[in-house]
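# Understanding the architecture of this molecule
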Amino acid sequence: MIETRLGEFEEVILLLVGILGEEAYAFRIAEEFESQTKRSSSIGAVHSTLTRLEEKGFLKSEMGKATAERGGRRKRIYTITAYGRRALEDARDFRISLWSQYPAFAKKFNYSI
Amino acid sequence: MRFLRDDLAEEVLGDLEEKFYANLHKKSLRAARLNYWYQVLQYFRPFAIKKSPTINTFDMYLSYFKIGWRNLLKQKGYSAINIGGLAIGISVAILIGLWIHDELSYNKYFEHYETIGQIYRLDKVENETEASTPQVAGLGTLLKNSYNTQFKSVVMVRAMLEERVIALSEKKFTQHGYFMQPEGGDMFSLKMKHGSRDGLKDKMSILLSASVAEKLFGEADPINQIVSMDAKWDIKVAGVYEDLPRNTRFHDASFFAPLELYMDGGSLDSWDNYFLDIYVQIHENRSFEEVSSIIKNATLPHLDEEKRQSGQEVFIHPMREWHLNSEFRNGHLVTSPQQKAVWLYGVIGAFVLFLACINFMNLSTARSEKRSREVGIRKSIGSYRTQLVQQFLGESILVACIAFVLSIVIVGLALPWFNFIADKNMTIPWTNYLFWLSGIGFTIVTGLLAGSYPALYLSSFQPVKVLKGTFKPGIGSSISRRVLVVFQFTVSVSLIIGTVIVYQQIQYAKSRPAGYSPKGLLSLRAGSPEFRGKYDVLRTQLKATGAVEDIAESNYSVTSTKGWNGGFSWKGRTYDPSFNTIFVSYDYGRTVGLDFIDGRDFSREVASDTAGILINESAAKEFGIENPVGELLKWAPGGSDRGTYQILGVVKDMIKGSPYEQTRPSVIFLSRNHEQWLYVRVNPDLSLHDALPKIEAVFKALVPSAPFDFRFADDEYNAKFRAEERTGQLAGIFSLLTIFISCSGLFALSAFTAEQRKKEIGIRKAFGASLTDIWTLLSREFFLLVMISCLVAVPLSYYAMSSWLEQYQYRTTISMMVFILAAGAALGITMVTVSFQAFKTGIMKPVEALKQD
């Protein structure tokens, strides 16, 4: 069995970091998560996951520039590492392989790789 | 956000602020704020929380615990004194707390506690206003009918506890109970086990307490069963109620019977016989003052002219005041003895606890100075100050907790015995959270206070100073320790003096001649109608057994002063005060053992003796007749002429009321009727063991329906001293405890000083100091401190005890000897305690002390 080392929530957060690019910091990610999934979350929960992903090496972060709307405080901007991208790809491939093995869905989802 | 890791603070705060303003656009300020806090709470996650600087704190705490435990074990004696002393202090405080709680919770058992009151009346008696409870039946009926809007209910209850024989075929029991109106069951919210509260509606019914019902019927259903009362009435059991707890008004009753049965056809509209208590329940939205002011003059239209002139007022005394606040003087409430006792024991309990705490702190503090090296080393290998504070506080709280657990055990063991002494029925409130909260709260506070000195003071030292040995404990701590020792011994010595004086007072009253001989005297209430007309047979048969010297009758017990009458006059001169009057049969004097100073007893041989009287010494003084024997007195109580009586004899004063009061003038009449109280003088040559069965056999044969329920007159006589004896016993126990606590403290303290001066003493001995020198050196300070305590305690206790004695008319004088003895005892105990350490240090080889460095 392939070890993806990504949970569902982790996977979504990782993807959101990729989608948001320069804007990927905890608050924005949490907002985006809520608007895309219609599920509620909290900044703390998102932040906790981001930290975990960083520890696993899927993300790296650095402090961005200060902005006035945050009372002059800086943001921590996250970016996906190559290893992180690989983990996402592996996860996707694993899912697709599973989908394709399931006869009921196998014909409808015929992604070319 | 203090909990947040420092490196996260900036970004997180930024994020949260952004979220807040974003929310502010969408929602209300309140919602935004609420959400902000929600977000903050969500940050309580392991990754975000500040880590404490040490990596593995568990081992550190384990080491603290280990060191603390070793310290306790290393000095077992010291630890035992310290923990034991505190435990005893807490136990005493808990016991007294329970006692006070019991006192304060009187009558709270009744559901309508807040709205029930008793009717009191105020009468003018010779320029004094007298408050009293017995009322006329007419007032109760009046309140019931004409003032019915003021009250929820009005209940009349026979004022005295009545003694009746309740029997179910062969089972006969003498029981005490009250006769009350049927509404009483509801008013006093009797908790019924069987039947209904209003069972007394039927004249021939009775409510039994659960314990009597069980005695009579066992497991069987008692409802509607027929029992007999005094072999006179057959009445139906209408209900069984749960026994009333000890701390309620009617706890001494084991049955309630209808007042109607007691009256047996008599009118409840009479205005001359004061024999009832009237209880009322007011409406919840009314106050007692309001209703009192409405009924204030209710009795006036019904009184006779003379009484109306002098005035009478009635008022309601609320149930919540009954137990602790029912002492009236000149019509006003004054502090009652019960209230004083609550204060006294409260103060004593607080003192004992305080002493124990002082001791605990003193010893902890004194000993912690020995641990300054440990503090030095801990600091030099990198202990933070806060860690040391934690360590010492934690340790002393732990020790205090051990003491608390121990004290719970002590209370558990001592409670039955304490209940016996205090005449109460208290239990540990295991399920009361307030009890635990205060106990644990107190323990933690004591622990904190005791630990605060080492925790805050020792931890502030520079390690190098402590380790080099130049560290000297501050002078402040030794001064405060001295003050505390003085305080402890002042309390102890005062308590010793107080105890001795209480006991002297009891002895003084006990040694007072009784005026009759209660010993070997049996009393029996001949209530059953079966006794009627059998007195002479009973007398001859009892005397025939040889076990009885004589028997006699009177209208009430020899150990009480129930009858009061005025209206005596001699040669036109009238006497104002009420005389204690008693009606007796022939042979009464011989039976109870009256002591004749002059004249003679009633005699069957002299026919005119039916119009004779005996008077006591006080009465002779009151009448002021030179040679009273043979003089004629006129008696017209309440204006109705009752004839002329010749004084036959004068007897010594008899202590029938309180033994601490002057004997009241008393007049003894010869009764022409059958009286209720039977007295039997047992033959002193026979042991009671032999005599009683013979006496009982006669009673069984002649009056089979009445139980042979006799009492010893000396038991009743001794009961007069019980309240004071209780005070004495409790005071004795408390003073023993305080002495114990103070001495154990002193013992440990002297051990500590000796330990501290070990090297000094070693050098002194090396230079040739003798054992006496060392002893003087070590004991002098403590000796002086105790001396000062004595000097403070003597005037203090003298003042307190003379004001205590003031309440007794008949009181002992405080002799100087008491103070000298108490002070001597305190100094003696101190000497023994301190000398033990002094000698131990004194005989030590100097080299032992000096070899260390």
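All values reported here derive from a predicted model rather than from experimental measurement. (Residues numbered from 1 in each chain as written. Chains lettered and ligands numbered in written order. Predicted model: local features only at pLDDT ≥ 70, side-chain atom pairs only at ≥ 80, totals over all residues. Heavy atoms only, no water.)

## Concerning the overall build of chain B
Along chain B, the regular secondary structure elements total 27 helices and 28 strands. A burial count over chain B gives 49% of its 853 residues as buried. For chain B, restricting intrachain contacts to residue pairs at least 6 apart in sequence, the fraction spanning at least 24 positions comes to 77%. When the accessible area of chain B is evaluated, it comes to approximately 41,200 Å², of which 58% is carbon and sulfur surface. (Helix = DSSP H or I, 4+ residues; strand = E, 2+ residues; numbered from the N terminus. Buried < 20%, exposed > 50% of the residue type's maximum accessible area, 1.4 Å probe, protein only. Contact = heavy atoms within 4.5 Å. Areas by Shrake-Rupley, 256 points an atom, 1.4 Å probe, with all protein chains shown as cover.)

## Examining a nonpolar patch on the surface
All names here are of chain B. Together, Phe65, Trp69, Leu73, Leu398 and Ile402 give the surface a local cluster of nonpolar side chains, amounting to about 460 Å² of exposed area. Mapped onto the nonpolar patch, the elements with two or more residues apiece are helix H3 (57-74) and helix H14 (385-422). Per-element accounting of the nonpolar patch gives the leading share, 3 residues, to H3. Within the secondary structure layout, Leu398 lies in helix H14. By relative accessible area, which is 38% here, Leu398 ends up partly exposed. (Patch = residues over 30% accessible without salt bridge, like charges linked within 9 Å, V, L, I, M, F, W, Y side chains within 5 Å. Salt bridge = Lys/Arg side-chain N within 4 Å of Asp/Glu carboxyl O.)

## Some remarks on the packing of aromatic side chains
All names here are of chain B. Scanning all chains against the criterion turns up 50 aromatic pairs over all chains. Pairing Phe20 with Tyr36 gives two aromatic rings, centres 6.0 Å apart and planes at 85°, and the pair type is edge-to-face. Here Tyr36 lies in helix H2 (residues 29-42) and Phe20 lies in helix H1 (residues 6-26), a separation of 16 residues in the sequence. The exposure class of Phe20 is buried, given its relative accessible area of 15%. A relative accessible area of 22% places Tyr36 in the partly exposed class. Among the aromatic side chains, those forming a connected cluster through ring pairs are Tyr109, Phe110, Tyr178, Phe188, Tyr241, Phe250, Phe256, Tyr279 and Trp322. Its end group placed over the ring of Phe721, Lys510 keeps NZ or CZ at 5.7 Å from the ring centre. One cation-aromatic arrangement involves Arg512 over Tyr810; the distance from NZ or CZ to the ring centre is 3.8 Å. (Phe/Tyr/Trp six-rings, centres within 6.5 Å; stacked < 30°, edge-to-face > 60°. Lys NZ or Arg CZ within 6 Å of the ring centre and 35° of its normal.)

## Section: unusual backbone geometry
A positive phi is found at Lys38(A), a non-glycine position, where the angle reads about 60°. As for its position among the elements, Lys38(A) is in the loop between helix H2 (26-37) and helix H3 (43-56). Its relative accessible area of 69% is what places Lys38(A) among the exposed residues. Within the chain, Asp587(B) stands out as a residue other than glycine whose phi angle is a positive 70°. Residue position: Asp587(B) is located in the loop between strand E21 (579-584) and helix H19 (588-592). Asp587(B) sits in the buried class, given a relative accessible area of 6%.

## Some thoughts on the nonpolar core
Residue and element names in this part refer to chain B. Ranked by size, the top nonpolar core spans 83 residues in total, and within it Phe531, Leu594, Ile695 and Phe699 carry the most contacts. At 10 residues, helix H17 (residues 475-510) tops the list of elements feeding residues into this core. In contact with Leu594, other than residues within four places in its own chain, are Gly515, Tyr516, Tyr588, Gly589, Leu614, Val651, Met654 and Ile668. Counting 45 residues, the second largest nonpolar core, distinct from the first, contains Val342, Ile348, Cys357 and Val411. (Core = buried A, V, L, I, M, F, W, Y, C linked by side-chain atoms within 4.5 Å.)

## Side note on the interface of chain B and chain A
Contacts between the two partners involve 20 residues from chain B, matched on the other side by 22 residues from chain A. Three residues, Glu10(B), Glu11(B) and Glu18(B), lead the burial of chain B against chain A; their summed loss comes to 34% of the area buried on that side. Put simply, chain B and chain A have 4 salt bridges between them. A salt bridge links Glu17(B) to Arg73(A); the shortest N-O distance between them is 2.6 Å. There are 9 residue pairs in polar contact (both at pLDDT 80 or more) connecting chain B and chain A. Of all the secondary-structure elements, those providing two or more residues to the side of chain B that touches chain A are H1 and H2 of chain B. Top contributing element to the side of chain B that touches chain A by residue count: H1(B), with 14 residues. The residue inventory of the side of chain B that touches chain A, partitioned by class, reads 8 nonpolar, 3 polar and 9 charged. (Buried area = accessible area lost by both parts, 1.4 Å probe. Polar contact = N/O pair within 3.5 Å; in protein donor to acceptor, adjacent residues only side chain to side chain. Nonpolar A, V, L, I, M, F, W, Y, C, P; charged D, E, K, R; others polar.)

## Some points on the side chain of Thr443(B)
All names here are of chain B. Position of Thr443 among the secondary structure elements: in helix H15 (residues 433-457). On the basis of relative accessibility, which here comes to 2%, the residue Thr443 falls in the buried class. Within the local environment of Thr443, its side chain forms a polar contact with the backbone oxygen of Gly439, the two atoms lying 2.7 Å apart. Sequence-distant contacts of Thr443, that is, excluding residues within four places in its chain, are made with Ala400, Cys401 and Phe404.

## Digging into the side chain of Ser603(B)
Residue and element names in this part refer to chain B. Relative to the assigned elements, Ser603 resides in the loop between strand E22 (596-599) and strand E23 (612-616). Given the relative accessible area of 17%, Ser603 is considered buried. Separated by 3.1 Å, the side chain of Ser603 and the backbone nitrogen of Glu605 make a polar contact. Excluding residues that lie within four positions of it along the chain, Ser603 makes contacts with Tyr586 and Asp609.

## A closer look at the environment of Arg121(B)
All names here are of chain B. Residue position: Arg121 is located in strand E1 (residues 116-125). As for Arg121 and Lys296, which are separated by 175 residues in sequence, their C-alpha atoms are 9.0 Å apart. At 2.7 Å, the side chain of Arg121 forms a polar contact with the backbone oxygen of Pro134.

## Remarks on H1(B)
Taking 1.5 Å per residue, 21 residues should reach 30 Å; H1(B) reaches 31 Å between its end C-alpha atoms and fits that length. Burial in H1(B) covers these residues: Leu8(B), Glu11(B), Val12(B), Gly14(B), Asp15(B), Leu16(B), Glu18(B), Lys19(B), Phe20(B) and Asn23(B). Contacts from the buried residues of H1(B) go to H2, H3, strand E1 (59-66) and strand E2 (74-80) of chain A together with H2 of chain B. (Expected span 1.5 Å × (residues − 1).)

## A short note on the packing of helix H1 (residues 8-20) of chain A against helix H4 (residues 82-101) of chain A
Residues and elements named next belong to chain A. Between H1 and H4, whose axes approach to 11 Å, the crossing angle comes to 125°. Considered as vectors, H1 and H4 are oriented oblique to each other. The two elements H1 and H4 meet at a crossing, and its hand is left-handed. Each of Glu11, Leu14 and Leu15 in H1 lies in contact with H4, whose residues at this interface are Gly84, Leu88, Ala91 and Arg95. (Axes fitted to C-alpha atoms, helices over the stretch in contact; angles between N-to-C directions. Parallel < 35°, antiparallel > 145°, perpendicular 65-115°, else oblique. Left-handed = near helix turned anticlockwise from the far one by under 90°.)

## Re the pairing of strand E16 (residues 521-525) of chain B
All names here are of chain B. Judged by how many residues are buried, E16 sits mostly within the fold: 5 of 5 residues are covered. Residues Leu521, Ser523 and Arg525 line one face of E16 and the alternating positions Leu522 and Leu524 line the opposite face, and both faces are buried. Here 5 bridges tie E16 to strand E27 (residues 677-682), and the two strands are oriented antiparallel to one another. The partner of Leu524 across the bridge, within E27, is Leu678. Pairing analysis gives 3 bridges linking E16 to strand E28 (residues 710-712), with the strands arranged antiparallel. Its bridge partner lying in E28, Leu522 is registered against Phe712. (Pairing = 2+ DSSP bridges.)

## Some words on empty space enclosed by the protein
All names here are of chain B. One pass over the full model with this rule turns up 3 cavities of 30 Å³ or more. Volume-wise, the largest cavity comes out at about 250 Å³. Considering the residues around the largest cavity, the lining is formed by 20 residues, among which Arg367, Arg371, Glu395, Ser396 and Val399 are closest to the centre. Among the secondary structure elements, those contributing two or more residues to the lining of the largest cavity are H3, helix H4 (76-104), helix H12 (337-368), H14 and H15. Its residues assigned to classes, the lining of the largest cavity comprises 10 nonpolar, 7 polar and 3 charged. Of the voids in this model, the second largest cavity is the one considered here, and its volume is about 40 Å³. (1 Å grid on protein atoms, 1.4 Å probe; cavity = no way out; pocket = protein on both sides within 12 Å on 5 of 7 lines; lining within 4 Å. Points joined across faces, edges and corners; volume = space filled by probe spheres on them.)

## A word on the environment of Glu530(B)
All names here are of chain B. By the element assignment, Glu530 lies in the loop between E16 and helix H18 (535-545). A relative accessible area of 23% means that Glu530 is categorised as partly exposed. Through-space distance from the C-alpha of Glu530 to that of Ala231 is 8.3 Å; in sequence the pair is 299 residues apart. Leaving out residues up to four positions away in the same chain, Glu530 has contacts with Leu702, Val703, Pro704, Ser705 and Ala706.

## Structural notes on H14(B)
The axis of H14(B) is deflected most strongly, by about 45°, at Ala414(B), and proline Pro416(B) appears within four residues downstream. Just downstream of H14(B) lies Asp423(B), where phi reads positive at about 55°. (Bend = angle between axes of the 7 residues up to and from the residue.)

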